[in-house]
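# Descriptive analysis of the structure
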Amino acid sequence: MTREEIHAGVLECLESVVPELDPKSLEESVPFREQLDMDSMDALNFVVALDERLGVAVAESDYSKIATLESCVDYLVAALAVTEKRP
Amino acid sequence: MAEFRMPSLGADMVSGRLVEWFKQPGDTVARGDLIAEVDTDKGAIEIEVWTSGIVERLLVEPGTKVPVGTVLAIIREGVVTEPTATAPPPAPAVRIRASPLARKLAAELGVDLASVKGSGPGGEVVRQDVEALRGGAGPRQPPAEAEERSVRLRRAIAAAMVRSKREIPHYYLATTVDVGPVMEWLRVANLSRPPAERLLPSAVFLKAVGLALREFPDLNAWWEGDRAVRRPDVHIGVAISIRNGGLVTPALHRVDRRTLAEVMHGLQDLVARAREGGLRSSELTDATVTVTNLGERGVDAVTPVIYPPQVAIVGFGRIVERPWVVQGKVLVRPVVTATLAADHRASDGHLGGLFLARIERLLEEPEKL
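Residues numbered from 1 in each chain as written. Chains lettered and ligands numbered in written order. Predicted model: local features only at pLDDT ≥ 70, side-chain atom pairs only at ≥ 80, totals over all residues. Heavy atoms only, no water.

### Comments concerning the packing of aromatic side chains
Residue and element names in this part refer to chain B. Taken as a whole and judged by the stated rule, the model has 4 aromatic pairs over all chains. Arranged with centres 5.6 Å apart and planes meeting at 75°, the rings of Phe216 and Phe355 form a pair that is edge-to-face. On the criterion of sequence distance, the pair formed by Phe216 in the loop between helix H5 (201-215) and strand E10 (221-224) and Phe355 in helix H8 (residues 349-364) is long-range, its members being 139 residues apart. Pair check on accessibility: Phe216 and Phe355 agree, each one buried. Positioned above the aromatic ring of Trp222 is the side chain of Arg231, whose terminal nitrogen or guanidinium carbon lies 3.8 Å from the ring centre. Its guanidinium or amino end placed over the ring of Trp223, Arg345 lies 4.3 Å from that ring's centre, counting from NZ or CZ. (Phe/Tyr/Trp six-rings, centres within 6.5 Å; stacked < 30°, edge-to-face > 60°. Helix = DSSP H or I, 4+ residues; strand = E, 2+ residues; numbered from the N terminus. Buried < 20%, exposed > 50% of the residue type's maximum accessible area, 1.4 Å probe, protein only. Lys NZ or Arg CZ within 6 Å of the ring centre and 35° of its normal.)

In structure tokens, the structure reads:
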């Protein structure tokens, strides 16, 4: 899975929890929970969606590492052992 | 013959629009079965029937808006309550678990719900599943309709809160609880659980409130006329914020008798249905107390307003680390402020204080919840 595919997958997972999400207005480095007014149930549902769609069960102790779009994608890239291909 | 009427799902509800019948003439219904879906200020609600029998006639067409109390159907009573030795039990009608939004969208798109794999709680088909099948985001609720819904929901909340503040002499108490044991217990319990089975502190708080209420039945009561009447079961109304504004407080039934995992699953299911649609009529009318967890939104403590005819509401603030004195030493501990607003006509502060202390003691030993 490429970084772009993971990025798209994370957005899909977020959208499953926050249906009115506008991906264009989402800031990459601001925590989701602040930006999208998510409560702990939303956050858990997001983690469940990541597990179901991308096959990564994020440990509770790692929740702080997936708080923003940028860090979440980084974390999943590492977890899925994807080599980043940059020009 | 029994008449099935448009129920009142709150003192402020004057009418509802029948969306769909789940039963047809000739179908058997048992007490507690879902018989119809009704569109109200609080969203699409699935209505339960409290008579057992056979549906004789349906009197109102889907799409019709009728006042509360209007007869919607006639049910021939008692026919199915007497089991006979010869006749096999009627096969239960196979009803696909699907949220009202999913059902509506499926009907619009001509999708057979039976062919959709549900990803919601308990395999329920939710909107996204239907959308995924047709490949692409489906039509959202038209903005005007959503706006009108939110105006009506605001009005319903206003009516309940004005009545509460006008009629109920509230008293307020607060206690700050060390939730170190809860957080540690949850951390260990969740280590081995897949995400879908993890527990949240909210489930622990709800269970603790449920158990404490069993010992303080005067707080698990409804104010009726000039006195408080204790309720036989503990049904906790859970304050759930709706994304485009407003709040609903559907009941999680018999919280005191469920395991923690069951409370958690029930809570997930309730939050999903509050936001997707699909709450049941009983859930909107039979809460015996309410719990609000505004700590989720970052506040330290909440001073809540009682939802009539209930006589108490419990609030939890955010879980935050604070310097805390334990056996003469200052330690950093996660703490939460639990508050109680109660009806002074029904109880006194002394009782309320004992109740909060009981919750605190229960939270000291989460493994026993």
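Next comes the rest of the account.
### Digging into the layout of surface pockets
By volume, the second largest pocket amounts to about 1,100 Å³. Arg33(A), Ser40(A), Tyr63(A), Met183(B) and Leu200(B) are the residues nearest the centre of the second largest pocket, which is lined by 37 residues in total. Mapped onto the lining of the second largest pocket, the elements with two or more residues apiece are helix H2 (32-36) and helix H3 (40-54) of chain A together with helix H4 (180-191), H5 and strand E19 (320-326) of chain B. Its residues placed into classes, the lining of the second largest pocket shows 20 nonpolar, 9 polar and 8 charged. (1 Å grid on protein atoms, 1.4 Å probe; cavity = no way out; pocket = protein on both sides within 12 Å on 5 of 7 lines; lining within 4 Å. Points joined across faces, edges and corners; volume = space filled by probe spheres on them. Nonpolar A, V, L, I, M, F, W, Y, C, P; charged D, E, K, R; others polar.)

### A look at the interface of chain A and chain B
It is common to report an interface's size as the accessible area lost on association of the parts. Listed per partner, the contact involves 24 residues of chain A and 20 residues of chain B. Note on chain A versus chain B: buried area summed over both sides is about 1,700 Å², and carbon and sulfur give 45% of it. Considering only the side of chain A, the residues that lose the most area to chain B are Met41(A), Leu44(A) and Glu60(A), jointly responsible for 32% of the buried surface there. For the interface between chain A and chain B, the tally reads 2 salt bridges. Here Arg275(B) ties to Asp42(A) by a salt bridge, and the two come within 2.8 Å at their closest N and O atoms. Between the two partners, chain A and chain B, sit 5 residue pairs in polar contact (both at pLDDT 80 or more). Among the elements that line the side of chain A that touches chain B, the one with the most residues is H3(A), at 8 residues. For the side of chain A that touches chain B, a count of residues per class yields 13 nonpolar, 3 polar and 8 charged. (Contact = heavy atoms within 4.5 Å. Buried area = accessible area lost by both parts, 1.4 Å probe. Salt bridge = Lys/Arg side-chain N within 4 Å of Asp/Glu carboxyl O. Polar contact = N/O pair within 3.5 Å; in protein donor to acceptor, adjacent residues only side chain to side chain.)

### Notes on the nonpolar core
Of all hydrophobic cores here, the largest spans 74 residues; its most connected members are Phe4(B), Leu206(B), Val209(B) and Phe355(B). Of all the elements, H5(B) adds the most residues to this core, at 9 residues. Looking at which domains feed residues into this core, each of domain 1 (1-82) and domain 2 (170-368) of chain B gives three or more. With sequence-adjacent residues up to four places away left out, Phe355(B) is seen in contact with Val209(B), Ala212(B), Leu213(B), Phe216(B), Leu219(B), Val314(B) and Leu340(B). Residues Met38(A), Ala49(A), Leu50(A) and Tyr75(A) belong to the second largest nonpolar core, which totals 26 residues. (Core = buried A, V, L, I, M, F, W, Y, C linked by side-chain atoms within 4.5 Å. Domains from an automatic or database assignment.)

### Some remarks on the confidence of the model for chain B
Residues and elements named next belong to chain B. Summing up the model confidence of chain B, the mean pLDDT is 87 and the portion of residues at 70 or higher is 86%. Low confidence marks residues 135-140, where pLDDT is under 50. Its contacts with residues over four positions away, or in another chain, come to 8 contacts. Per the prediction output, this complex has pTM 0.80; the corresponding ipTM is 0.88. (pLDDT = per-residue confidence, 0-100.)

### As for the domain arrangement of chain B
Residue and element names in this part refer to chain B. Per the domain assignment, the segments making up chain B are domain 1 (1-82) and domain 2 (170-368). Taken over C-alpha atoms, the centre of domain 1 sits 32 Å from the centre of domain 2. Listed by partner, the interface residues are 10 residues for domain 1 and 10 residues for domain 2. Here domain 1 and domain 2 share an interface that buries about 850 Å² over both sides, 57% of which is from carbon and sulfur atoms. Summed over the shared surface of domain 1 and domain 2, the result is 1 salt bridge. We note a salt bridge from Arg280 to Glu46, for which the minimum N-O separation is 3.8 Å. Where domain 1 packs against domain 2, one counts 5 residue pairs in polar contact (both at pLDDT 80 or more). Looking at the side of domain 1 that touches domain 2 element by element, the count peaks at 5 residues for strand E5 (residues 43-48). Of the residues belonging to the side of domain 1 that touches domain 2, the class tally is 6 nonpolar, 1 polar and 3 charged.

### Some words on the pattern of salt bridges
If you walk through the whole model with that rule in mind, you get 23 salt bridges over all chains. We note a salt bridge from Glu215(B) to Arg358(B), for which the minimum N-O separation is 2.9 Å. Linking Glu215(B) in helix H5 with Arg358(B) in helix H8, this pair joins segments that are 143 residues apart in sequence. Within the structure, one salt-bridge network assembled from shared partners comprises Asp39(A), Asp42(A) and Arg275(B).

### Section: the sheet that holds strand E1 (residues 2-5) of chain B
All names here are of chain B. With respect to topology, 4 strands assemble into an open sheet ordered E1-E8-E6-E3, the strand pairing being antiparallel. Two strands in the sheet have a free side with no partner beyond their single neighbour: E1 and strand E3 (28-29). Pairing geometry for E3 and strand E6 (residues 53-58), over 2 bridges, is antiparallel. Of the residues in E6, the one forming a bridge with Val29 is Gly53. (Pairing = 2+ DSSP bridges.)

### Observations regarding the side chain of Thr40(B)
Residue and element names in this part refer to chain B. Inspection of the secondary structure puts Thr40 in strand E4 (residues 34-40). Judged by its relative accessible area of 3%, Thr40 falls in the buried class. Sequence-distant contacts of Thr40, that is, excluding residues within four places in its chain, are made with Leu9, Met13, Ile45, Arg149 and Arg152.

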